[in-house]
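Breakdown of the fold
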Amino acid sequence: MLDESLLDAPEALAVADRRGLLRGVAEAGARVRTAVRHATEAGLTQLKPDGRPRAILIAGPGTAATCVADVLGTLAGAGCPVIRLAPTGVAPAAGALRWALPGWAGPLDLLLVATPDGTEPGLELLAEQAYRRGCTVVAVAPARTPLAEGVEGSHGLTVPMATSPYGEYEAPHDGERASESYEARRLDDEAAASLPATLWALLVPLLVLLDRTGLIAAPPETLEKIADRLDTIAERCGPVVATHGNPAKTLAAELADALPVIWTEGKLAGCVGRRFAATLAELAGHPSVAGELPEGLPAHGALLAGSLAPAADGDDFFRDRVEEPQHLRARVVLLRDRPVDAGGLSAAPAARELAHGHDVAISELEPEDGDDLETLAELIAVTDFAAVYLALAPRDGS
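Residues numbered from 1 in each chain as written. Predicted model: local features only at pLDDT ≥ 70, side-chain atom pairs only at ≥ 80, totals over all residues. Heavy atoms only, no water.

Looking at an unreviewed UniProt entry, one finds the chain named SIS domain-containing protein and attributed to Streptomyces longisporoflavus. Under the UniProt heading Sequence similarities (unreviewed entry), the note attached to the chain is "Belongs to the PGI/PMI family." (UniProt positions renumbered as here; feature names shortened; annotations may be inferred.)

Relative orientation of the contacting elements helix α5 (residues 62-76) and helix α13 (residues 267-284) amounts to 175°, with a least axis distance of 9 Å. When the axis of α5 is compared with that of α13, the two are roughly antiparallel. Judged by residue contacts, Thr63, Cys67, Asp70, Val71, Thr74 and Leu75 of α5 engage Lys267, Leu268, Cys271, Arg274, Arg275, Ala278, Thr279 and Glu282 from α13. In the contact of α5 with α13, the residues fall into six nonpolar, three polar and five charged. (Axes fitted to C-alpha atoms, helices over the stretch in contact; angles between N-to-C directions. Helix = DSSP H or I, 4+ residues; strand = E, 2+ residues; numbered from the N terminus. Parallel < 35°, antiparallel > 145°, perpendicular 65-115°, else oblique. Contact = heavy atoms within 4.5 Å. Nonpolar A, V, L, I, M, F, W, Y, C, P; charged D, E, K, R; others polar.)

Bringing the pairing of strand β9 (residues 362-365) into the picture now. Looking along a regular strand, one sees the side chains alternate between the two faces of the sheet. Burial along β9 is one-sided: Ser363 and Leu365 are buried, while Ile362 and Glu364, pointing the other way, are not. Two strands pair when backbone bridges link them, and strand β8 (residues 329-336) and β9 are joined in this way by four bridges, in the parallel orientation. Bridge pairing in β9 places Leu335 opposite Leu365. (Buried < 20%, exposed > 50% of the residue type's maximum accessible area, 1.4 Å probe, protein only. Pairing = 2+ DSSP bridges.)

Moving on: unusual backbone geometry. With an omega of 5°, the peptide bond between Leu293 and Pro294 qualifies as cis. With respect to the helices and strands, Pro294 occurs in the loop between β7 (289-292) and α14 (296-305). A positive phi is found at Arg144, a non-glycine position, where the angle reads about 60°. One non-glycine residue with positive phi stands out, namely Asp359, at about 60°.

This paragraph deals with the packing of helix α12 (residues 247-255) against helix α16 (residues 372-392). At a closest axis distance of 8 Å, the pairing of α12 and α16 adopts a crossing angle of 50°. Comparing the axis directions of α12 and α16 gives the class oblique. By crossing handedness, the relation of α12 to α16 is classed as right-handed. Of the residues in α16, those touching α12 at Ala248, Lys249, Leu251, Ala252 and Leu255 are Val382, Phe385, Ala386, Tyr389 and Leu390. Residue composition of the contact of α12 with α16, grouped by class: nine nonpolar, no polar and one charged. (Left-handed = near helix turned anticlockwise from the far one by under 90°.)

What follows is about empty space enclosed by the protein. Applying the stated rule across the entire model yields two cavities of 30 Å³ or more. Here the second largest cavity defines a volume of roughly 30 Å³. Lining the second largest cavity, in full, are Val25, Ala26, Ala28, Gly29, Leu230, Ala234, Ala381 and Phe385. Sorting the residues of the lining of the second largest cavity by element identifies α3 (21-26), α4 (28-41), α11 (220-237) and α16 as the ones contributing at least two each. (1 Å grid on protein atoms, 1.4 Å probe; cavity = no way out; pocket = protein on both sides within 12 Å on 5 of 7 lines; lining within 4 Å. Points joined across faces, edges and corners; volume = space filled by probe spheres on them.)

Okay, the sheet that holds β7 next. Here we have four strands laid out as an open sheet, ordered β7-β6-β8-β9, and parallel in their pairing. Because the sheet does not close on itself, it has two edges, and the strands there are β7 and β9. The sheet shows a mean angle of 20° between the axes of neighbouring strands, taken without regard to direction. Relative to β8, strand β6 (residues 258-265) is paired through eight bridges, and the arrangement is parallel. Bridged to Leu259 within β8 is Ala330. Contacting β6, β7 and β8, α14 runs over the sheet at an angle of about 165° to β6.

Here we come to the nonpolar core. One recurring pattern in soluble globular proteins is that nonpolar side chains are buried together. Core analysis: the biggest nonpolar cluster contains 85 residues, and Leu72, Leu112, Trp200, Leu207, Phe276 and Phe385 have the highest contact counts within it. Ranked by residue count, the leading element in this core is α16, at 14 residues. When residues no more than four places from it in sequence are discounted, the contact partners of Phe385 are Leu22, Val25, Ala26, Ile233, Ala234, Cys237, Gly238 and Ala248. If you look at the next biggest cluster of nonpolar residues, it comprises 19 residues, including Leu85, Trp99, Leu126 and Ala127. (Core = buried A, V, L, I, M, F, W, Y, C linked by side-chain atoms within 4.5 Å.)

Per-residue pLDDT for the chain has a mean of 87; in total, 85% of the residues score no lower than 70. This model gives residues 168-191 a pLDDT under 50, and the stretch forms 38 contacts once residues within four places in sequence are excluded. (pLDDT = per-residue confidence, 0-100.)

Below, the discussion takes up the sheet that holds strand β1 (residues 56-59). Read across the sheet, five strands follow the order β2-β1-β3-β4-β5 without closing on themselves; strand pairing throughout is parallel. Looking at which strands have only one partner, the edges of the open sheet turn out to be β2 (82-85) and β5 (157-160). With direction set aside, neighbouring strand axes in the sheet form an average angle of 20°. In terms of strand pairing, β1 meets β2 through four bridges, oriented parallel. Residue Leu57 lies in a different strand from β2, and its bridge partner there is Ile83.

So, on to the packing of aromatic side chains. This structure, assessed with the given rule, holds one aromatic pair. Where Phe385 meets Tyr389, the ring centres are 6.1 Å apart and the plane angle is 25°; that geometry is what we call stacked. One end of the pair, Phe385, and the other, Tyr389, are both in helix α16, four residues apart, so they sit about a helical turn from each other. (Phe/Tyr/Trp six-rings, centres within 6.5 Å; stacked < 30°, edge-to-face > 60°.)

Taking 1.5 Å of rise per residue, 18 residues should cover 26 Å, and α11 covers 26 Å from first to last C-alpha, within 8% of that figure. Of the residues making up α11, those classed as buried are Thr222, Leu223, Ile226, Ala227, Arg229, Leu230, Ile233, Ala234 and Cys237. For α11, the angular spread of the buried residues around the axis is 160°, confining them to a single face. Along α11, the residues that are exposed and aim more than 90 degrees away from the buried face are Pro220 and Glu235. Residues of α11 that are buried sit in contact with α3, α4, α10 (198-213), α12 and α16. (Expected span 1.5 Å × (residues − 1). Arc of directions from axis to C-beta.)

See the structure below:
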């Protein structure tokens, strides 16, 4: 069982938060504004592209870069294929990862590199390969890292990644090599890469770029709305807000002893569901499954009817459960990016009926009104906060 008393003890949460996760998710709005400023200073807002690229290729390590590719592909839709280049390697370490361009990539294509690290030799090699092929290369990476220097040396464009307002990276001193300074000063663990706000630091400059191509609508006023929405969610879901009035803490408490079966409806909700599942695993070590409606119903229906269902506890209602070990029980998490209009098509009623038919509880999350990027920001922020609370609050007896 989750120790819910800790959720309503901000001081205890601060002590438990050794990786700065709460700070990382709370500063997402500030990261958006800083990323917009960096994109402007790098000249992205002044670009006048001749047209849209034939294809967009995206490379980068970790959950944040994967979500960046997912979001951009969803927003671009049929306007342009967006392809994530998955890394290969013997270990998930900066020095071991390698990326490769597809054989058809050439001058008509755009390579986007997004990384919170910037020391990956494989990404440097990829940028060099793209330059030789004639691809346009744009990278978002920490300033003065080997990757940033390499992309600029290959006539590409680098946008400095918006770092934490509290400082994750210190610029090199006079006479000090940038790569050596970065290695000496970057965080000793995976905290910087796993901070929830890292997604926005990588995503926003690329939104600015693709807005200039006409592929995605992300004007300055929309990006400011994203930052404002993220600030609002940070206030609503922050550690000082009690569980009964805090949607993220409530969701964390509901999922503590459950296997989340994350069902999404809407193209943007699908991105959020996949990110939520990945973040639960990466930050909280919590298993889950995710799928889009209506296909999620037959794909996961057996989970609700099998040993994970509450009915699998057995027939003896009066038996002593005190000494029994806790078991995960399925719980449906229904994420939707838009309310259903009167008469609109939705698989949500069928999802509720299936869950209720097996006595499986449901948690539902639906954003307030707004454009696509605002609703995306709200859903990501609430689920990020929930994953962080699950990561910080220990289970009873642990």
